[in-house]
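Each chain is listed here by its residues.
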Number of protein chains: 2
Amino acid sequence: MRIALDAMGGDNAPHETVKGALWAVQELGIEVILVGRAEELEAELSKHPKPGPKLLVEPASEVIAMEEHPAMAVRNKMDSSLVRGFDLIKRGAAVAFVSAGNSGATVVAALLALGRIRGVERPAIATLFPTSSGAPFLCLDVGANADCRPNFLLQFAKMGSLYMEKVIGVGNPRVVLLSIGEEENKGNQLIVDAHALLKKSDLNFVGNLEGQHLLDGLADVVVTDGFTGNVLLKVSEGLCGLFLALLKGAFQRSLPLQAAAPLLKPALAGLSQLLDYAEYGGAPLLGVEGTVIIAHGRSDAQAIKNALRQAKLAVDGGVVEAIREGFRPKKAVGLSTSEPG
Amino acid sequence: MRIALDAMGGDNAPHETVKGALWAVQELGIEVILVGRAEELEAELSKHPKPGPKLLVEPASEVIAMEEHPAMAVRNKMDSSLVRGFDLIKRGAAVAFVSAGNSGATVVAALLALGRIRGVERPAIATLFPTSSGAPFLCLDVGANADCRPNFLLQFAKMGSLYMEKVIGVGNPRVVLLSIGEEENKGNQLIVDAHALLKKSDLNFVGNLEGQHLLDGLADVVVTDGFTGNVLLKVSEGLCGLFLALLKGAFQRSLPLQAAAPLLKPALAGLSQLLDYAEYGGAPLLGVEGTVIIAHGRSDAQAIKNALRQAKLAVDGGVVEAIREGFRPKKAVGLSTSEPG
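Computed from a prediction, not measured in an experiment: that's the story for all the values here. (Residues numbered from 1 in each chain as written. Chains lettered and ligands numbered in written order. Predicted model: local features only at pLDDT ≥ 70, side-chain atom pairs only at ≥ 80, totals over all residues. Heavy atoms only, no water.)

Colleague: Run through the pairing of strand E6 (residues 137–140) of chain A, naming residues and quoting values.
Modeller: Residues and elements named next belong to chain A. Side chains Phe137 and Cys139 of E6 all project onto a buried face; the interleaved residues Leu138 and Leu140 project onto the opposite face, where all are buried too. With four bridges joining them, strand E5 (residues 124–129) and E6 adopt antiparallel strand pairing. Opposite Ala126, over in E6, you have Leu140 as the bridge partner. Where E6 and strand E9 (residues 221–223) come together, three bridges link them in parallel fashion. Directly across from Leu138, in E9, lies its bridge partner Val221. (Buried < 20%, exposed > 50% of the residue type's maximum accessible area, 1.4 Å probe, protein only. Helix = DSSP H or I, 4+ residues; strand = E, 2+ residues; numbered from the N terminus. Pairing = 2+ DSSP bridges.)

Colleague: How would you explain the pairing of strand E10 (residues 283–286) of chain A if you had to name every residue and give the values?
Modeller: All names here are of chain A. Side chains Ala283 and Leu285 of E10 all project onto a buried face; the interleaved residues Pro284 and Leu286 project onto the opposite face, where all are buried too. Examined bridge by bridge, E5 and E10 share two bridges and lie antiparallel to one another. Its bridge partner being in E10, Ile125 is matched across the sheet by Leu285. Note that E10 and strand E11 (residues 291–294) share two bridges and pair antiparallel. Across the sheet, residue Ala283 finds its bridge partner in E11, namely Ile294. Linking E10 to E11, which pair antiparallel, is a turn of four residues; within it Gly287 sits at a positive phi near 110 degrees.

Colleague: Tell me what's going on with the relation of the copies chain A and chain B, and back it up with residues and numbers.
Modeller: Overlaying chain A on chain B yields an RMSD of 0.0 Å, the required transformation being a rotation through 180 degrees with an accompanying axial translation of 0.0 Å. The superposition of one copy onto the other is thereby described by a two-fold rotation axis. Across chain A, the smallest distance between a C-alpha and the rotation axis is recorded for A:Thr228, namely 3.0 Å. The fraction of interface residues of chain A whose copies in chain B are also interface residues reaches 100%, indicating that both copies meet through the same surface. (Least-squares fit on C-alpha atoms with pLDDT ≥ 70 in both. Contact = heavy atoms within 4.5 Å.)

Colleague: So what about the sheet that holds strand E5 (residues 124–129) of chain B? Which residues, and what values?
Modeller: Residue and element names in this part refer to chain B. As summarised here, the arrangement of the eleven strands in space is E3-E2-E1-E4-E11-E10-E5-E6-E9-E7-E8, forming an open sheet in which the pairing is mixed. Two strands close off the open sheet at either side, each with one partner strand: strand E3 (55–59) and strand E8 (205–210). Across this sheet, the average inter-strand angle for adjacent strands is 30 degrees, counted without regard to direction. The pairing of strand E7 (residues 175–179) with strand E9 (residues 221–223) spans three bridges and is parallel. Following the sheet pairing, Leu177 is matched in E9 by Val223. (Axes fitted to C-alpha atoms, helices over the stretch in contact; angles between N-to-C directions.)

Colleague: Describe the sheet that holds E6(A), naming the residues involved and giving the relevant values.
Modeller: All names here are of chain A. Across the sheet, eleven strands lie side by side as E3-E2-E1-E4-E11-E10-E5-E6-E9-E7-E8; this open sheet has mixed pairing. If you trace the sheet from one side to the other, it starts and ends with strand E3 (55–59) and strand E8 (205–210), each paired once. Ignoring strand direction, the axes of neighbouring strands in this sheet form an average angle of 30 degrees. Judged from the four bridges that link them, strand E4 (residues 96–99) and E11 form a sheet pairing that is parallel. Paired with Val98 across the strands is Ile293, a residue of E11. Strand contacts of helix H4 (residues 81–90): strand E1 (2–6), strand E2 (31–36), E3, E4 and E11, with the helix running at about 165 degrees to E4, the strand carrying the most contacts. Of the strands in this sheet, strand E7 (175–179) and E8 are in contact with helix H7 (residues 189–200), which crosses E7 at around 170 degrees.

Colleague: Please set out the side chain of A:Ser299 residue by residue, giving values where relevant.
Modeller: Secondary-structure assignment places A:Ser299 in the loop between E11 and helix H11 (301–317). Discounting chain neighbours no more than four positions away, the residues touching A:Ser299 are A:Asn12, A:Glu16, A:Ala100 and A:Ile304.

Colleague: So, the interface of chain A and chain B: which residues are in play, and what are the values?
Modeller: The extent of an interface is frequently quoted as the accessible surface area lost upon association of the parts. Taken together, the contact pairs 45 residues of chain A with 45 residues of chain B. Of the roughly 4,000 Å² buried between chain A and chain B, counting both surfaces, carbon and sulfur atoms make up 79%. Considering only the surface of chain A that becomes buried against chain B, A:Ile180, A:Phe227 and A:Leu239 emerge as the three largest contributors, covering 17% of it. Taken together, chain A and chain B are joined by two salt bridges. Between A:Lys234 and B:Glu210 there is a salt bridge; the shortest N-O distance is 2.4 Å. (Buried area = accessible area lost by both parts, 1.4 Å probe. Salt bridge = Lys/Arg side-chain N within 4 Å of Asp/Glu carboxyl O.)

Colleague: Which residues make up the pattern of salt bridges, and what values do they have?
Modeller: All names here are of chain B. A full pass over the atoms with the stated rule returns 33 salt bridges over all chains. Where Arg84 meets Asp79, a salt bridge forms, and the shortest distance between an N and an O atom there is 2.6 Å. A residue is classified by how much of its surface remains accessible, and Arg84, at 26% relative accessible area, is partly exposed. Judged by its relative accessible area of 23%, Asp79 is partly exposed.

Colleague: Run through the nonpolar core, naming residues and quoting values.
Modeller: Membership of the largest hydrophobic core comes to 179 residues, with the highest contact counts inside it found for A:Phe86, A:Leu153, B:Phe86 and B:Leu153. In this structure B:Leu153 touches B:Cys148, B:Leu177, B:Leu190, B:Ile191, B:Ala194, B:Val223, B:Thr224 and B:Asp225, once residues within four positions along its chain are discounted. (Core = buried A, V, L, I, M, F, W, Y, C linked by side-chain atoms within 4.5 Å.)

Here's what the structure looks like:
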């Protein structure tokens, strides 16, 4: 399996992207195509033992920066690592693409190069969150669509369910809507309308979930609009960071605590995992005609490797094919029987 | 100063409400009117030393439960502690009202009994959040308005600024919009439109803030719609709860850690304060014609006392008068000068 990696994307590129790709080639049995400035990539590669034929370089002279306007950057930088990476999928030279670069530009480029799966109104970015029960849930959309219509949310639920089935192996995934009350009339108008649609659907919709129970392991798929989902993701990130910083500070100021630190570590593993992108790797972009993984901008080599693994798992699980199949219009079987006798 | 308390409101009423009221009378130099079922309140009071003339009881035979439909409950239970409490303000027998009961019903009853301050389109629930810098910020709306228009957000910003000035003593409070990117074109349509309004306003609007920086102390007033704000509040609550539970579990399982625990406590004070309603007490409902504090449903006596203190501070600061003044239509001065020469 050959996966393309935006070797110039993210805060730590190309140092960490190249290292992550090397690890992925060794550990996951995949081939990786590093897309980016050839001389910079060769310089990085020269620091490591020769990787062998499973690591390839595809030259791209431009780089889209994190703060660039997504649509303009994609339009103007045709020879960027991002645009060239999608070309590789389009040409059939790679089966998936991973980028830790400008995520808005990644969504735009994916839509331009690959297009939406037929029937999907809006692709969504999905993130796995760990829970206190140990089983992760998939939260979507976490940022591709700031403004949503109720039907988008229904489709997110469907795509999320298929992902959890195919990649995580959860049978009949429990779907919830993130809201501000459990009753079906609670929430904003979008959520109330989406609730009605989900209730009528054939998904395993178990109702609304409030934020304080998000990490209790009560759901497999948490559906939200991209604005709320992104706020949720970033607030969680900020809180976890603050918490770990407070703990670290306490330990640094106290020798007896330093002695006890190794005892605390396993207990806090679940915690640091909470928003540890190195653990879960990247966020799949669901609903486009190809496997695309958006990694966190801060990704280190470990996170890049895990994002490449996410890509492999999505390809192995046949996520794109499952969504294509799930969104195919149902054939009208025995049409005449629906006619009155 | 006489403040009415919904003695039947909240998960721990009337046990904790009565205790909190007793503490408030002793410590804050205020008078408290306990509103609720007289016999139950007298029974609670009999457990404590005689409180003296500063603690009064106003009988109300009904109780609105946490899960009741707000508007229906308020309409049907005219003799509830909630409805009777607002009557006391209306009659001038109390200057403020505090409830840890059904918050939706509290908003409905406040609107019915007191009405909106002239010019205010929607009242908002505001919550103080602690930050890593030590100075709290006010976040609003955290739940009164699930669907907002841009102008509501502009008004929330104005009310929040007045509160921070009058109660917390912050000069020229820094206002931000919670969004998913710092640029003015980032966010959903509501946020983009509200950004334009805030930019034109005479408030000290410093731009959008992303969730991961929420607790960094970069703002005094954080403006958001009531859906996002409520999700934010509850997710923070859930995350803090999970952190503390993980830590507690680790300490319980390890004797050396138990020995080190007292060292860790001060470092974690900031953390548990994060969503510790006992510390900050209640959330003011801003924009109605009276001082109303909504306390957390789980409030204990300490939280009730602090909510009563919040009420006292809001009255002392003249928050209602300041909002009334701030929303008064500007008189057209020198009208003729605006006419073309």
